[in-house]
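Structural overview
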Amino acid sequence: MRKNALKLLALLAVFSFIAVGCGDDDDSGSASSSEESSSSEEASSSEESSSSEEAAAAEPACELGPGVSDTEIKLGSSLPLTGNLAALGVQAEFALNATIKRINDGGGIAGRTLSLTVQDDEFNPEKTVANAQYFIDQVGVFGVWGSIGSAPTVAAIPLHDEAGVMTLFTWSQDTSLFDRAAHPYFFSLNPSGYKQAVAFSNYFGNKYDYGSETPVVAGLVLSSPDGEEAAQGVRDGAAGAFEGGTQTWERDAATYQPQLLAMKDAGVTDVYTVVGDTQFAQIIQEMDQVGLEARVWGTNAVVTSNLIDLVGELAEGALAVTVMTGLSADVPGLVQFREEMAAVGASEGDLSSASMLAYAGGLVLEQGLRDVGDCLNADALTAALLALEDFSTGGIMAPINFDPDTGLGNQGAIIQEVVNGAWTTVDEG
Amino acid sequence: MERAGIPVPGYIKRNHLLGVFFFALTFLLLPQFDQYTTAIGFILVFAAVGGSLVIAFGAAGQFTLGHSIFLGVGAFLSANIANDSYGWGRGLEVEIPIALAVCFILGLIVGLPSLRVNELYLALATFAIAYVGQQVLYEWKQFTAGGSGKSAGDLTLFGWEIGRGTPYIRLSLIILLVTFWICGNILDGKTGRSMNALRTSETAARSVGINVAWLKILAFGISGAITGLAGVLYIHNLRYAGPENFNVHLSILLILTLIIGGRHRLAGAVAGAVFVKFLPELIRDVQEYEGVIYGGALIFLTLFSPRGIIGLIEASLRIIGTRLAKTPIVKVIPSLIPSQIEPADRSASPLHSPPLSGVASSEKRGQLTVTDAKVIFGGVRAVDGVSFEVEAGKVTGVIGSNGAGKTTLFNAITGHANNAEGAFTLDGVELSNKPIFTRSLAGLGRTFQNLNLHGDIRVLDHALIGLDREMEYGRVSEAFRLPHVVRNERQAYERSAELLDHMQLLEFWNEKVDDLPYGLQKRVDVARGLATNPSVLLLDEPAAGLPTAEALEMMEHVIEYAAHIGCGVIVIEHNVELVADVCERVIVMDAGKILADGTAKSVMQNEDVIAAYLGT
Amino acid sequence: MTQFIQLLWSGILNGLLYAMIGLSLVLIFKTARILNFAAGTMAGFTGWFAWWWATKGGVPFLLAILVAIVMVAVATLLIERLTIRPLINENFLSIVTITLGLEILIANLSIRFFGGRAESLRIPGDIQFKNFEIGGVRFNWWHIVILISTFIILAIVGYIVNRTELGLAMRAFAEDKDAARLMGIKESTVSQWTWTLSVTVGGLAGILFAPVLFLQQDYMNIPFIKGFVAAILGGFTSLSGGVLGGLLLGELEALAVKYAPRQAAAALPVLIVFFILLVRPRGLFTRAKAHERV
């Protein structure tokens, strides 16, 4: 009898717990009690006030954004610090730290210092999302800055959007991100893969002097929608007239020789590829080994001094379509970039597209924050960024204007070439 | 049963109560941890997969490196179903059943290699499957959007929107609880027992009538389905899925998680998931050394507790338990344990107990006809044209020198010999060329020279495994532990208890057979054979290694039981005294042929037999 | 025709890489029935280590290789003694788990020591950049070195396995563990030397292919998976099978790029492996067991 009563009690307990649980289903997560709830409450209330804020000129009571206090602005960054993109993450981290140091050494902005929490995500979206929750719920950040990779950013951005946290200056190319209707707080300085390919194609078809013979242009891309978009971009631009086919390689290809051989058979004169700098080095090396005499074009990612360290003379004549100027250019922005990177312990090899992009983002961010001043929240910074006109990065990039529909800051097609062992700007685009 | 303390099968076990307790605890405390909801969500996903692997791997022993494919398929099914724009715009009530169904079928297909290869080779085959599967996901752009992946659809259940964070985790908790309940029911029933049997000895499992091939595939099917469900939970937690993540590394991680936790227990699935998915959260401050800490912890744990975290906990509990048993507080706990089986009338023989009276039969069966049996391999004629007929219900002995072909003859009859020729019928039913388990189900029981016991399984389960063929419930009913399932289980337990009692094994019901002395192990082998309620029982050297007195006593009990149920016995033995004592008829084999056939006395006086085998 | 030969040669290059890894895996599997999931990471670590000695350590190239190999071998002996030997009587899963733990640990150590940036392993004379032509087919000098080195390594391994007492002990263990133990062959000796040999072969692969793949974090991870597939193809208990499987896989991949439709090119080699497994589960190059004892 007692045994049955105990069983009944247990069952009742279970049902009551379930009933309690189901009752919560319609609440939003952030309403539950926790010490961190204050910042998310501020976020939701600042969202509510945003519409009235945009209508009115100035509100007497200022709702600060999450991660913003009178003395501090907190930022987070989820980077691949380990795994096979570790180089990019490490380089970007230097640039982020350099920016923070510059701003804080200069006394901060509107009386606030910047703090940055960096977490490793191993280029794994699962970790990026876990990091995002860490930033939002535990650290309480104003924005997540400088993420690398499409998949990680696409995975985490819903969390950012829901918490009203900004997604700033990522290096990701997925087209779905460039949609401010869906992602109002997303800003980027790096165009989508498709756009970059079109930029290359137009430059090649309209401006580049490819000599007297008819060129044959082929893409060497990863077998994926990103790669295919890039290939399509080449076809859609002016170089489409010289299209010589597309070769794809699989994610787990060890070498590219078969693809390069096929290109050699097709008489390709110009190879356009979307890879990182190490794979670019490998492609250059294998082109030489296979006897494919062609020009090779890369994107942002290949503009590093590491490339030349890896393949030496073979790199000579390699080209890249980027949004940034060549490392050897004598522009004030780069001079400053070098100094500030050295000040945080970076070496020459850490000066790359990854760090330059992050650094340029830092310049824009600083300007935007200064323009906002005291009343800092996501909408204010958004407005400030959109209001920027031809913002100068000291020559690192073309002057920046943010497109209100996409959140993209530049469409540049600065062409760089390896000349005498260094990346040099050959066309401002 | 009470005097041995065998718990009665019921609806609720102690583990259920523990599970509900932890569930309730987590459920209530969740808001305190709402900054970890993403990590907890992943813990639940991995725990669900782990639970499914307790069935496929822990029970059925299929070491699979291919489970990431189910997670991926489940995730993308969810994305495509739940998304408003390009999908159907439906909620979890549609996503979950479809994921279960599709991944069940996928699992059956993925399980096919398990029919041809075992163990490590199976690991390799499933590895290849995961690899190919990922490529397929990449290429099937419509389903997965290739490298870009897909975002999760809205999270709704029957039209109710489920909030992200705590509400969703609570829902996942409930789903996990139900899933674990179902997994537990499967493990506790005939399916779980059969799977454990096939893991520990495929040969023996076949001989008690288990369709090993189908069961292996089924293990993959069930496990795949549950992992597909976990995939739905996965994508709603991450809100995104890309083919990149469903790679071989994930597959390895999935099974590794269970191994870390302890692969024979559902609790191990949870323990492993917590270790794998929560540890990174705790060491964020020293993140650059995460690999060293994580890898080091893994090595450390494996070195000190090969049975996983749960093994460690159980070992500690046992130590604490033996100390606590002396204190009065413990008395409260037994009352929560389900009641024990009512005592049978101790004075009477177990054979007359209600459970065993049911199988009594005065009708004799087991008329076995062997016609021209031959087993030839590599030029050796192990069995060379043997023919004989055994009457129903008789006890027959088979003797001969080593290499005479006795065991091989048995193997030919039961189907364990691959290249046997000849015709075999049992009670008029044709057995030739049928698979082992079919012959077993037709009434052919056997024991083994090498015992082939199920090492880490209890004695009681050996008897239950034999009885499983008579369970009158289907696997779906078993999953939900319906009343008739419990009834059948209860009956089986009672019958097993009485059978063990008859074979004088009752006090060892809870021991793992590996821990038993040899003599007892031999008895377990016999008990298992008897439990199948055979028409004829083939005993292969049951007395080997036993002192004659013990052997005689055991044989007496066997014969008594056999007479009780009306089945015949054929026994291979070297102990001629024993044979003479119990067998009415003796067949002597030599060099693959029958040398003599008659009463024990006449055979032993046969000159040829004396020359070839008995000696003077 | 020259194009075809060029294509086949490119397939052989990859094939040699897979073959070496496959050999490394089969060595351990055959003798100890263990899957060494750390094989790729250990091979990569050795490559990095050789680079470190050649650059930061200031040691001449060949000596750097030697030092790296020797130190890794010694480390393997230690690892085997401390983490694998204690579990030698448990079932294979425990040791497999250990190798997984080692993989995670070593990968992390690698990035701590060697940094995240890609590096190149400079060969004296820069011969990795020098090519020559025969009959219209272009070859690279370093690839030739790889080819020759692989043959030498295979020959040495073959010699050890087939002509030495240690090899005999290894083969005895591979056939029947209990019988070998009863014969007085020390399992601990066989275990430690098998591991050392296996990791050394992998390490040499890591070094040889460093100029081809460049030293990056995890640069041997993909070759590891491919080597795994190669070993499956060849039959996990046949040394020559592992090697041949690797070469075959490399060629299949190269040919698939040229002749297979784009969608199938990636999956095709592994699909083929999968089907071969269905038809011939023990792999292409192993003999089946005669019969099973009951």
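So, how was this worked out
- Residues numbered from 1 in each chain as written.
- Chains lettered and ligands numbered in written order.
- Predicted model: local features only at pLDDT ≥ 70, side-chain atom pairs only at ≥ 80, totals over all residues.
- Helix = DSSP H or I, 4+ residues; strand = E, 2+ residues; numbered from the N terminus.
- Rg over C-alpha atoms; globule rule 2.2 N^0.38 Å.
- Pairing = 2+ DSSP bridges.
- Axes fitted to C-alpha atoms, helices over the stretch in contact; angles between N-to-C directions.
- Contact = placed C-beta atoms within 7 Å.
- pLDDT = per-residue confidence, 0-100.
- Domains from an automatic or database assignment.
- Nonpolar A, V, L, I, M, F, W, Y, C, P; charged D, E, K, R; others polar.
- Expected span 1.5 Å × (residues − 1).
- Buried ≥ 20, exposed ≤ 12 C-beta atoms within 10 Å, placed from the backbone.
- Right-handed = clockwise from strand over helix to strand, strands pointing away.
- Parallel < 35°, antiparallel > 145°, perpendicular 65-115°, else oblique.
- Left-handed = near helix turned anticlockwise from the far one by under 90°.
- Core = buried A, V, L, I, M, F, W, Y, C linked by C-beta atoms within 7 Å.

So, the overall build of chain C
- Along chain C, the regular secondary structure elements total twelve helices and two strands.
- Along the chain direction, N to C, the helices and strands of chain C fall in the order α-α-α-α-β-β-α-α-α-α-α-α-α-α.
- Over its C-alpha atoms chain C spans a radius of gyration of 19 Å, differing by no more than 12% from the 19 Å that the globule rule assigns to 294 residues.
- Each principal axis of the C-alpha distribution contributes one length, and for chain C these read about 60 × 50 × 35 Å.

Some details on the sheet that holds strand β11 (residues 414-419) of chain A
Residue and element names in this part refer to chain A.
- Judged by pairing direction, the sheet is mixed, and its seven strands sit side by side in the order β7-β6-β8-β9-β10-β11-β12 without closing on themselves. Only two strands of the sheet have a single partner each, and these edge strands are β7 (243-249) and β12 (422-427). Between one strand axis and the next, the sheet turns through 25° on average, direction left out of account.
- Pairing between β11 and β12: five bridges, direction antiparallel. Of the residues in β12, the one forming a bridge with Val418 is Trp423.
- In this fold helix α9 (residues 277-290) packs onto β6 (217-222), β8 (270-273) and β9 (295-298), with an angle of close to 170° to the strand it touches most, β9.

Some remarks on the sheet that holds strand β9 (residues 429-430) of chain B
Residues and elements named next belong to chain B.
- Strand order in the open sheet formed by four strands is β6-β5-β8-β9, with antiparallel pairing between adjacent strands. Lying at the two open borders of the sheet, with one neighbouring strand each, are β6 (380-390) and β9.
- Inspection of the sheet shows strand β8 (residues 420-426) paired to β9 by two bridges, in the antiparallel sense. From the neighbouring strand, Thr425 faces β9, where its bridge partner is Glu430.

Structural notes on the confidence of the model for chain B
- For chain B, the average pLDDT comes to 87, and 95% of its residues sit at 70 or higher.
- Confidence over residues 327-338 of chain B falls short of pLDDT 50; this stretch has 13 contacts with residues more than four positions distant or in other chains.

What to know about the domain arrangement of chain B
Residues and elements named next belong to chain B.
- On domain assignment, one finds that chain B holds domain 1 (40-284) and domain 2 (368-471 + 505-614).
- Placing the centre of domain 1 and that of domain 2 at their C-alpha centroids yields a distance of 43 Å.
- Contacts between the two partners involve 16 residues from domain 1 and, on the opposite side, 23 residues from domain 2.
- Secondary structure elements with two or more residues in the side of domain 1 that touches domain 2: α8 (190-200) and α9 (202-207).
- At six residues, the largest contribution of residues to the side of domain 1 that touches domain 2 is made by α8.
- When grouped by side-chain class, the residues that make up the side of domain 1 that touches domain 2 number five nonpolar, eight polar and three charged.

A closer look at the confidence of the model for chain C
Residues and elements named next belong to chain C.
- Here chain C shows a mean pLDDT of 85. Residues at 70 or above account for 94%.
- Mean pLDDT per element in chain C: helix α12 (residues 262-279) is the minimum at 71, and helix α2 (residues 39-55) is the maximum at 94.
- As a predicted assembly, this complex carries a pTM of 0.86 together with an ipTM value of 0.85.

Brief notes about helix α11 (residues 248-261) of chain B
Residues and elements named next belong to chain B.
- The end-to-end C-alpha distance of α11 is 20 Å, a good match for the 20 Å that 14 residues give at a rise of 1.5 Å each.
- The buried fraction of α11 amounts to twelve of the 14 residues, a majority that puts the element mostly inside the structure.
- Every buried residue of α11 is accounted for by Val248, Leu250, Ser251, Ile252, Leu254, Ile255, Leu256, Thr257, Leu258, Ile259, Ile260 and Gly261.
- Once α11 ends, the next one or two residues include Gly262, with phi positive near 120°.

Some thoughts on the pairing of strand β7 (residues 395-400) of chain B
Residues and elements named next belong to chain B.
- Burial analysis of β7 places six of its six residues in the buried class, which makes it a mostly covered element.
- Burial along β7 is two-sided: the residues Val395, Gly397 and Ile399 and Thr396, Val398 and Gly400 are all buried.
- Sheet topology places β7 next to strand β13 (residues 585-590); five bridges connect them, and they run parallel. Note that in β13 the partner of Gly397 across the bridge is Val586.

Description of helix α5 (residues 119-139) of chain B
- For α5 of chain B, with 21 residues, the first-to-last C-alpha span of 30 Å sits near the 30 Å given by 1.5 Å per residue.
- Most of α5 of chain B sits out of view: 17 of its 21 residues are buried.

Focus: the pairing of strand β10 (residues 319-322) of chain A
Residue and element names in this part refer to chain A.
- Judged by which residues are buried, β10 turns out to be covered on both faces: Leu319 and Val321 on one side and Ala320 and Thr322 on the other are all buried.
- With two bridges joining them, β9 and β10 adopt parallel strand pairing. Directly across from Trp297, in β10, lies its bridge partner Leu319.
- Once you follow β9 into helix α10 (residues 305-311) and on to β10, the crossover reads as right-handed.

Comments concerning the packing of helix α18 (residues 459-467) of chain B against helix α20 (residues 483-502) of chain B
All names here are of chain B.
- Relative to each other, α18 and α20 sit at 120°, their axes nearing to 9 Å. Taken together, the axes of α18 and α20 lie oblique to each other. Seen along the crossing, α18 lies across α20 with a hand that is right-handed. On α20, the residues that touch Val459, Leu460, Ala463, Leu464 and Leu467 of α18 are Ala492, Arg495, Ser496, Leu499 and Leu500.
- Of the residues that constitute the contact of α18 with α20, the class distribution is eight nonpolar, one polar and one charged.

Remarks on unusual backbone geometry
- Although it is not a glycine, Asn452 of chain B adopts a positive phi angle of roughly 50°.
- Positive phi values are uncommon outside glycine, yet Asp218 of chain C reaches one of about 60°.
- Tracing the chain through its elements places Asp218 of chain C in the loop between α9 (210-213) and α10 (221-234).

As for the interface of chain C and chain B
- Listed per partner, the contact involves 36 residues of chain C and 38 residues of chain B.
- When contributions to the side of chain C that touches chain B are tallied by element, the ones reaching two or more residues are α4 (92-114), α10 and α12 of chain C.
- In terms of residue count, the dominant contributor to the side of chain C that touches chain B is α4 of chain C (twelve residues).

Regarding the nonpolar core
- Membership of the largest hydrophobic core comes to 432 residues, with the highest contact counts inside it found for Ile55, Ala128 and Leu500 of chain B.
- Among the elements that make up this core, the one with the highest residue count is helix α1 (residues 2-32) of chain C (17 residues).
- Non-local contacts of Ala128 of chain B, meaning those with residues more than four positions away in its chain, are made with Val229, Ile232, Val270, Val273, Phe274 and Leu277 of chain C.

Some thoughts on the packing of helix α3 (residues 68-82) of chain B against α5 of chain B
Residues and elements named next belong to chain B.
- As a packed pair, α3 and α5 sit with axes 9 Å apart at the nearest point and diverge in direction by 25°. Between α3 and α5, the angle is such that the two are roughly parallel. Of the residues in α5, those touching α3 at Ser68, Ile69 and Gly72 are Ile129, Ala130, Gly133 and Leu137.
- Tallied by class, residues from the contact of α3 with α5 come to four nonpolar, three polar and no charged.

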